[in-house]
Each structure stands twice: as structure tokens, then as C-alpha cells.
Amino acid sequence: MTKITIKDVAREAGVSISTVSNALNGVDVLNAATRDHVLDVANRLNYIPNVNGRNLKTSATKVLGLFITSMQGPYYGILTDSIYKECERNGYELNVFVTKNDRNALSNILGKRVDGAIILNEWITDKHMDQLDKAKAPIVFLDREKVSETISSVVFDSYKGGQVVARYLMNLGHKRIGYIQGYSNLYDDIERFRGFKDALLEAGLEFHEEHRLVGYFEEEASYSAVKSYVRSGKQLPDAFFAANDLSAIGAIKALKSEGLVVPEDISVIGFDDIDISEFFNPPITTVNNPIARQGLLAVNRLLAMIQNKGDGRLDKLEGNLVVRNSCSVNKMVFMNDSI
């Protein structure tokens, strides 16, 4: 397959090479219509500029890239710190790219600005993955299961985690269990909910869609979603499974603000086991995800591929249930059973 050059883009777009360069680099000298036209042509031709020039094609930068879409919340802090420390231990620098611009991400990876990339970015699609695979770019994904010669995945076994949560709550006698989701297009949220729902179905319990709220993995959004649900007057579930601990905290605060007591009136369980969970009131029952280990292992897998010491592989990291005080037995169920 012939490599597309900047000259090809200029010829196809009917503009000069300097105009293409200005459009790709965001130089504010073009009118919007010209810039958009050039970018559309570049995208259609799958043109990826080499941001550091041809001389870097065979040269190691000793830099790894972390491509994420957010730095909000404890998870990203723990993950980034773990990755940075392991990079430093191995003599590598770490560049963190917080971006939703897929072309920017691919330009930095395929343009050899980094020796390899760790990706937690839903904007990188299957089409992009094919480009990365063909280019033999060393990649470790944290948000999907993809394996090839130069691509690895280090993910949490969120499906199993969702099952563990559902079974724990059912063992406490809860039958109507709500779910506070993060983002419905993210791997961990999809797998957590899938495992949770499958465990309910296996036990002969139905999941009520009206009990699925959207909390975006955020305390404030979860607070608003739960508060609105309580005020709607609809029947409350026996328990809420929050997709992460921040959502669990928001849910508990909302329930308290409406005069409900956790766990006496309703149980709440989280996910990730961030530091504040242990010290919140009540201390939150959650699933401990090995976040720091995910970062460390991602760097090790990436360096193994960069240094030709191993091909891509899939690692699934299991969490463990941490029982605290935000869940209790469903007294109504046990009372009815005893009658």
C-alpha cells in the first residue's frame, strides 16, 4: 500500500503544501471553509503526518505516550502515577496526552513521537486500530481486548466484578437492585453491567430498566440522578450498585438528603476502592481494582514489544470484594420468608 504524503493531500484538495501544513497544524491563517476542506481530504486519504520528520523512523525517543480523555477522579491519578514510576524505573520518559482528537493521537503514535503508546481513549476506533496494527506500532490498550504481534491489552475483569457484586447483594436478600452507570460506551462500564445483569438473570431475577441511572462516574452527576429518582415517587430498589466509588458517594449523599439512611433503608455498593471509600460515612463496600498494577503491567508489556522480547497478549486483572458498612441484609425479605 502506497504511503500517502502531504503532496498527495495538497493535490487532491487543490491547494498548496503550505496550506495543508497550516490546516493540519491549526495555524490560524486560513478561512474555516478551506481548513475544513483540507482536513476532510486528509481524513479521507488516511494521511498521518510524521510529526518529527523522517529521521526519527528508526530512532528511539525513549518516550512512552499515555493517551486518555480525562484526568478527573482518583482512578486517573493512581494510574498515571503508576505508569510514570515504571517508565522512570526503566529509563523512559512519559508524555501524557489528554485528547479526544483521534488524528492528534494517531499523528503522535504513527509519527514516531513516542516509542509506544498506552491507550485509554474511546475515540480510537476499530478503523484506527487497523492502522496501528498495520504500522506495527507497539500499543497497550486499557479499555478493550485486542491482541496482535504488537498490540496488548491490560484490562480489569469487570464482567466478573459485576457478577461478584450482584451475588453479594442477592445473598443479603436484595431482589430489586439498581445500577448507576458511568458511560455506556466504555469497556469497563459495559462489562460491569453485563456481568451484574447476567448474575441476576441466572438467579431468576429481573433487572428493571427504570432502575438504571446515569452518573458518568462522577459524584455530582450521581447525586443529581439519585435525588431526581427519589423525588419522582417511583418505587426505590433495595440496593444500588454504582459503577465506581465516586458514584456511590454521590448516591449516598443524595439518599441522605432525602431522609433515607444507608444501609438501613437502602444498600449502596461501589467499585474501585479509592482511598476515601474506607473513611466515608458509612464506609463503602466496594470492589478493589488493582489500578496501580494495571499501570505497571501496561508499561512492562509495552517495553517487551518495543524491545522485541515478546508479542502482544491479553491480561485480565481480577478485583476482590471489600465488605464495609454501606450494605446490610434486606430485613423485609427475611421477615417475609420467616412468616
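Residues numbered from 1 in each chain as written. Predicted model: local features only at pLDDT ≥ 70, side-chain atom pairs only at ≥ 80, totals over all residues. Heavy atoms only, no water.

Q: Go over a nonpolar patch on the surface, please, and point to the residues and values.
A: Residues M71, V96 and V98 make up a contiguous nonpolar surface patch of about 240 Å² in total accessible area. Within the fold, V98 resides in strand β2 (residues 93-98). (Patch = residues over 30% accessible without salt bridge, like charges linked within 9 Å, V, L, I, M, F, W, Y side chains within 5 Å. Areas by Shrake-Rupley, 256 points an atom, 1.4 Å probe, with all protein chains shown as cover. Salt bridge = Lys/Arg side-chain N within 4 Å of Asp/Glu carboxyl O. Helix = DSSP H or I, 4+ residues; strand = E, 2+ residues; numbered from the N terminus.)

Q: Talk me through the pattern of salt bridges; I want residue IDs and the actual numbers.
A: Pairing between side chains of opposite charge can happen when the charged atoms of each approach one another. Taken as a whole and assessed by the stated rule, the structure comprises 20 salt bridges. Here R192 makes a salt bridge to D272, at a shortest N to O gap of 3.9 Å. Note that R192 is positioned in helix α8 (residues 187-202) and D272 in the loop between β9 (267-269) and α11 (275-279), a separation of 80 residues in sequence. Classification of D272 as buried rests on a relative accessible area of 10%. A salt bridge links R301 to D315; the nearest nitrogen and oxygen atoms lie 2.7 Å apart. Here D315 lies in strand β11 (residues 314-317) and R301 lies in helix α12 (residues 291-306), a separation of 14 residues in the sequence. (Buried < 20%, exposed > 50% of the residue type's maximum accessible area, 1.4 Å probe, protein only.)

Q: Account for the layout of surface pockets, naming residues and giving values.
A: In this structure, the largest pocket spans a volume of roughly 690 Å³. Lining of the largest pocket is provided by 28 residues; of these, Y76, Y183, L186, Y216 and F217 occupy positions nearest its centre. Sorting the residues of the lining of the largest pocket by element identifies α4 (74-89), α8, α9 (219-231) and α10 (245-257) as the ones contributing at least two each. A breakdown of the residues in the lining of the largest pocket according to their chemical character gives 12 nonpolar, 6 polar and 10 charged. (1 Å grid on protein atoms, 1.4 Å probe; cavity = no way out; pocket = protein on both sides within 12 Å on 5 of 7 lines; lining within 4 Å. Points joined across faces, edges and corners; volume = space filled by probe spheres on them. Nonpolar A, V, L, I, M, F, W, Y, C, P; charged D, E, K, R; others polar.)

Q: Can you explain helix α6 (residues 126-134)? Please cite residues and give values.
A: What sets the pattern is the α-helix's 3.6 residues per turn: residues three or four places apart point alike. Among all positions of α6, only H128, M129, Q131 and L132 are buried. The buried residues of α6 occupy an angular sector of 155° when the element is viewed end-on, so they sit on one face. Turned more than 90 degrees away from the buried face of α6, the exposed residues are D126 and K134. Backbone geometry just after α6 places K136 at a positive phi near 60°. (Arc of directions from axis to C-beta.)

Q: Explain the sheet that holds strand β4 (residues 139-141) to me, using residue names and the numbers behind them.
A: In sheet architecture, strand pairing relies on hydrogen bonds along the backbone and comes in two forms, parallel and antiparallel. One open sheet holds the 6 strands; their spatial order is β2-β1-β3-β4-β5-β11, and the pairing between them is parallel. The outermost strands of the open sheet, each flanked by one partner alone, are β2 and β11. Within the sheet, the average angular offset between the axes of one strand and its neighbour, ignoring direction, is 15°. Pairing of strand β1 (residues 63-68) with strand β3 (residues 116-120) involves 5 bridges; the strand directions are parallel. Bridge pairing in β3 places F67 opposite I119. Relative to β2, α4 is tilted by about 150°, and along the sheet it contacts β1, β2, β3 and β5 (151-156). Against the sheet, α12 makes contact with β1, β3, β4, β5 and β11, and its axis sits at roughly 170° relative to β5, the strand it touches most. (Pairing = 2+ DSSP bridges. Axes fitted to C-alpha atoms, helices over the stretch in contact; angles between N-to-C directions. Contact = heavy atoms within 4.5 Å.)

Q: Could you give an account of the nonpolar core, with specific residues and numbers?
A: Residues L64, I83, I118, V140 and L142 are the most contacted members of the largest nonpolar core, which totals 24 residues. For this core, the elements supplying multiple residues, two or more each, are β1, α4, β3, β5 and α12. Formed by 22 residues, the second largest nonpolar core is a distinct cluster that contains V165, F207, A243 and V287. (Core = buried A, V, L, I, M, F, W, Y, C linked by side-chain atoms within 4.5 Å.)

Q: Would you mind going over the packing of helix α5 (residues 102-110) against α6 in detail, with residue names and values included?
A: Contact pair α5 / α6: the axes reach a minimum separation of 11 Å and the direction vectors enclose 10°. With respect to their mutual orientation, α5 and α6 come out roughly parallel. Across from D102, L106, I109 and L110 in α5, the residues of α6 making contact are H128, Q131 and L132. Along the lines of polarity and charge, the residues of the contact of α5 with α6 split into 4 nonpolar, 2 polar and 1 charged. (Parallel < 35°, antiparallel > 145°, perpendicular 65-115°, else oblique.)

Q: Break down the packing of aromatic side chains for me, citing the residues and quoting the values.
A: By the definition in use, this model includes 13 aromatic pairs. Taking the centre distance of 4.5 Å and the plane angle of 5° together, the rings of F67 and F97 count as stacked. In this pair, F67 sits in strand β1 while F97 sits in strand β2, placing the two residues 30 residues apart along the sequence. Using a relative accessible area of 12% as the deciding quantity, one classes F97 as buried. Relative to F196, the ring of Y179 lies with its centre 5.8 Å away and its plane at 25°, an arrangement referred to as stacked. You can see Y179 sitting in strand β6 (residues 177-181) and its partner F196 sitting in helix α8, a full 17 residues away along the chain. Judged by relative accessible area, which is 0%, F196 ranks as buried. (Phe/Tyr/Trp six-rings, centres within 6.5 Å; stacked < 30°, edge-to-face > 60°.)

Q: Could you give me a rundown of the packing of α4 against α12, with the residues and numbers involved?
A: As a packed pair, α4 and α12 sit with axes 8 Å apart at the nearest point and diverge in direction by 40°. For the pair α4 and α12, the crossing hand works out as right-handed. Between α4, through Y75, I78, L79, S82, I83, E86, C87 and R89, and α12, the contact on the second element is made entirely by I291, A292, Q294, G295, L296, V299 and N300. Classifying every residue of the contact of α4 with α12 gives 9 nonpolar, 4 polar and 2 charged. (Left-handed = near helix turned anticlockwise from the far one by under 90°.)

Q: Tell me what's going on with α10, and back it up with residues and numbers.
A: Taking 1.5 Å per residue, 13 residues should reach 18 Å; α10 reaches 18 Å between its end C-alpha atoms and fits that length. α10 sits mainly inside the fold: 10 of its 13 residues count as buried. For α10, every residue scored as buried is listed here: D245, L246, S247, A248, I249, G250, A251, I252, A254 and L255. One or two residues past the end of α10 sits G259, with phi positive at roughly 85°. (Expected span 1.5 Å × (residues − 1).)

Scope: geometric values only; no functional claims are made or implied.
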